[in-house]
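Structural features, examined
The residues making up each chain are set out below.
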Amino acid sequence: MRHRSLERDGRAPFLFLAPLFVLLCAFILFPVIMNMVVSFADWKGYGRLKWIGLSNYRAMMHDGAFWTSLWNTASLVCYIPVSVAVTVFVAALLREGLGGWKVYRAILYVPNLLGLVIIGAVFSIYLRDDGPLNLALKWATGSTLPFLTSPVLAINSIGMIKVIWVHLGFGLIYFLAAMNGIDQGVYEAAIIDGAGFFRTLRHITVPSIRFAIEFWVVFNFVEVFSRMFSLIYTLTRGGPAYATFTLEYGIFVQAFEKFHTGYSGAWSVVLFLFCAVISIAQIRLMRQGRA
Amino acid sequence: MKRASSIGAGWRGLVQVFLLGLIFVSILPLYNVVAASFKSTDEFVVNPFFPPLAPTLENYVYAAVGARLLHYAVNSLILVPLGVVLYLVVCVSAGYAFGKMRFRLRLPLFLVVLFLLIFPQLLLATQIYRLISLMHLANTAAGVVLSWGAYFSPFGTYIMTTYFAAMPYELVEAARMDGASHPRILVQVMTPLAAPMVATLGIIGFQSMWNELPFSLLILQDQGSRTLTLGIAMARGEYGVRVPILSAAVVIGMVVPLVFFLVFQRRITLGATAGALKG
């Protein structure tokens with residue numbers, strides 16, 4: 001088969017790839033590299049660069065907001081197993097084909113369509129201290145919960161919103177498609193042997209969709225590290241104080257509110273390292289799967 | 001025929017109750033926003049929870065005209081389709097090269113694309129903002145469309161590459177025999193055959209760009225050039241505490257994605273499983 005490699009397509013492929021790579025170099029590669037460069041400088045985003053070595057990194061190590069951002073990210077990571085459990089469980093229930101399951105699936109998908117800005121705006125109203133949920137709580141229990149205004153609760157509210165409203169609907173479609181590939185006969189045999197819902201879930205469904213679950217976990221990591229900004233911006237603007245900062249949000253505040261662009265570069269390098277690891281994990285999964 | 005179920009008859013009712021509860025929890029916040037949007041500010045104070053007793057459209061008028069959301073919606077309806085066209089051209093062309101052409105560096109370049117798939121927008125935003133300003137593209141359609149096209153293209157390229165790669169190579173070979181060039185093969189043979197996937201990708205691109213915030217927030221700083229999504233994101237600060245007006249703004253923001261869903265429901269459902277990694 002060696003001679004086949006001689007029939008290459010010459011330069012034509014590079015013409016087809018040119019638009020993509022021009023855009024990628026200008027808008028992704030160049031920004032990532034420039035962030036690393038400016039992280040060693042004092043820079044406001046315009047004017048001259050002043051090289052200051054590792055000072056930005058030293059400042060970051062003493063910045064409470066930086067550690068809070070990491071801690072918040074860790075809290076959101078804790079919601080990943082919750083998301084896996086809830087989504088797989090509900091998908092397995094819907095798989096049973098109970099009456100109306102298609103309608104359930106469609107309704108649960110609606111929040112997903114609306115995008116993070118709308119979801120953030122909806123919950124900024126719903127979870128206010130004087131919002132509908134708290135009015136109902138007050139009527140039922142006599143007290144209210146500061147869902148968005150208490151530092152401890154706010155980040156957890158964001159975690160729950162992600163699990164139930166942002167991801168559930170999409171995850172159901174994804175897992176139901178994966179479960180559709182399982183041979184129905186296996187279930188029938190198990191049911192004849194007297195296996196109930198939880199036993200078939202544990203011994204048939206979960207092992208059969210292992211690959212889909214791994215993908216879902218990686219996808220959730222991507223979401224936590226790289227897709228939180230829009231939700232946080234519309235829901236809490238990073239507050240109260242730094243309580244809902246993530247690395248992304250910190251970069252935004254440093255670069256565009258305080259104009260410490262060089263310093264935001266140091267945060268960017270940390271975020272880049274996390275994302276590089278996730279990206280490599282994802283590529284390995286993709287290559288195992290289909291690509 | 002009914003599927004055999006592992007859930008005993010006695011439990012089925014309980015499961016239905018659980019699922020209905022889940023639906024209730026998931027719909028309630030949306031119901032609240034819709035209900036509040038039809039209440040006057042005075043009514044909202046005394047009746048924050050139940051459906052409006054004296055429904056009014058004044059919030060909608062204020063949000064659409066006074067707060068210019070209608071104007072922003074028009075901006076979105078111009079910018080997003082432009083972005084989708086750029087996105088499709090870039091991804092179909094690159095997907096064809098990766099999926100159906102033979103060349104040195106094919107795998108390494110494809111891995112670079114996959115590597116760039118998940119980077120956060122905020123990691124890029126500072127430098128993109130600077131680049132856009134240097135090119136005098138701040139507040140322009142070109143600025144935001146190019147950034148969207150670039151940011152979402154690794155995902156689209158991945159999807160098109162796997163789709164083209166799965167198509168039989170004989171299609172390309174036969175056309176080559178007939179003396180067709182690669183651009184002709186792509187435009188006249190492969191793209192029509194890949195039309196279902198191109199359409200699905202167009203829908204995914206539309207949704208991603210319609211809901212996009214960070215780049216439009218930084219590039220479209222001039223109020224008149226805002227997208228609808230950006231207008232709603234900014235609304236919170238601008239209308240202060242007037243929940244009914246903010247609610248009307250949010251409902252206006254829901255219209256296009258929901259209409260889109262009703263029209264393309266099947267394709268959106270399929271698209272969701274095409275890749276678990278949409279941007």
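Residues numbered from 1 in each chain as written. Chains lettered and ligands numbered in written order. Predicted model: local features only at pLDDT ≥ 70, side-chain atom pairs only at ≥ 80, totals over all residues.

Details of the overall build of chain A
Rule in force here: Runs of H or I in DSSP of at least four residues are treated as helices and runs of E of at least two as strands, each being numbered from the N terminus. With C-beta atoms placed from the backbone, a residue is buried if 20 or more other C-beta atoms are within 10 Å of its own, exposed if 12 or fewer are, and partly exposed between those counts. A residue pair is marked as a contact if its C-beta atoms, positioned from the backbone, fall within 7 Å.
Scanning chain A from N- to C-terminus turns up 12 helices and 2 strands. If you list the helices and strands of chain A from N to C, you get α-β-β-α-α-α-α-α-α-α-α-α-α-α. Taken over the C-alpha atoms alone, chain A extends approximately 80 × 75 × 30 Å along its principal axes. Burial statistics for chain A: of 291 residues in total, 44% are counted as buried. Residue pairs in contact within chain A that sit at least 24 positions apart in sequence constitute 70% of those at least 6 positions apart.

Looking at the interface of chain A and chain B
Operational definition: Residue polarity follows a fixed list, in which Ala, Val, Leu, Ile, Met, Phe, Trp, Tyr, Cys and Pro are nonpolar, Asp, Glu, Lys and Arg are charged, and the others, Gly among them, are polar.
Contact residues are listed per partner, giving 85 residues for chain A and 82 residues for chain B. Classifying every residue of the side of chain A that touches chain B gives 62 nonpolar, 16 polar and 7 charged.

Remarks on the confidence of the model for chain B
All names here are of chain B. Rules: Values of pLDDT, which run from 0 to 100, indicate the predictor's confidence residue by residue.
Mean pLDDT for chain B: 89, with 94% of residues reaching 70 or above. By mean pLDDT, helix H13 (residues 243-274) is the weakest element of chain B at 85, and helix H4 (residues 69-100) is the strongest at 96. What the predictor reports for the complex is a pTM of 0.91 with an ipTM of 0.90.

Thoughts on the packing of helix H8 (residues 169-177) of chain B against helix H9 (residues 182-193) of chain B
All names here are of chain B. Applied cut-off: All axes are obtained by fitting lines to C-alpha atoms, using only the stretch in contact for helices, and the reported angles, taken between N-to-C directions, cover 0 to 180 degrees. Note on terminology: angles under 35 degrees are roughly parallel, angles over 145 are roughly antiparallel, angles of 65 to 115 are roughly perpendicular, and the others are oblique. By convention, the crossing between two helices is left-handed when the near helix turns anticlockwise from the far helix through less than a right angle, and right-handed when the turn is clockwise.
Interaxial distance between H8 and H9 falls to 11 Å at its minimum, and their mutual angle equals 130°. Our classification of the angle between H8 and H9 gives oblique. H8 and H9 meet at a crossing whose hand is right-handed. Contacts between H8 and H9 involve Leu-171, Val-172 and Ala-175 from the former and Ile-185, Val-189 and Met-190 from the latter. Looking at side-chain class alone, the contact of H8 with H9 contains 6 nonpolar, no polar and no charged residues.

Brief notes about helix H8 (residues 197-208) of chain A
Residue and element names in this part refer to chain A. Here is the rule: Between the first and last residue of a helix there are one fewer steps than residues, each counted as 1.5 Å, and that sum is the expected span. Directions pointing from the helix axis toward each C-beta atom define the arc.
End to end, H8 covers 15 Å across 12 residues, agreeing with the expected 16 Å (1.5 Å per residue, within 8%). Buried within H8 we find Thr-200, Ile-204 and Thr-205. Along the axis of H8, the buried residues cluster in a sector spanning 85°; they form a single face. Along H8, the residues that are exposed and aim more than 90 degrees away from the buried face are Phe-198, Arg-202 and Pro-207. Looking at the buried residues of H8, the elements they touch are helix H3 (64-95), helix H6 (151-180) and helix H7 (184-192).

Looking at the domain arrangement of chain B
Residue and element names in this part refer to chain B. This is how it is decided: Domain borders in the structure are assigned automatically or taken from a domain database.
As assigned here, chain B comprises domain 1 (9-59) and domain 2 (64-274). Taking only C-alpha atoms, the centre of domain 1 and the centre of domain 2 are 33 Å apart. Of all the elements in the fold, those that place two or more residues in the side of domain 1 that touches domain 2 are helix H1 (9-37) and helix H2 (41-46). Counted by class, the side of domain 1 that touches domain 2 contains 4 nonpolar, 4 polar and 1 charged residues.

Quick notes on unusual backbone geometry
Residue and element names in this part refer to chain A. In the segment running from Gly-239 into Pro-240, the intervening peptide bond is cis, with an omega of -5°. Position of Pro-240 among the secondary structure elements: in the loop between helix H10 (229-235) and helix H11 (247-257). One non-glycine residue, Arg-237, lies in the positive phi region at around 50°. Take Arg-237: it is sitting in the loop between H10 and H11. In this structure Arg-237 comes out as partly exposed when scored by C-beta crowding, with 15 C-beta atoms within 10 Å. Here Ala-241, not a glycine, exhibits a phi torsion of approximately 50°, which is positive.

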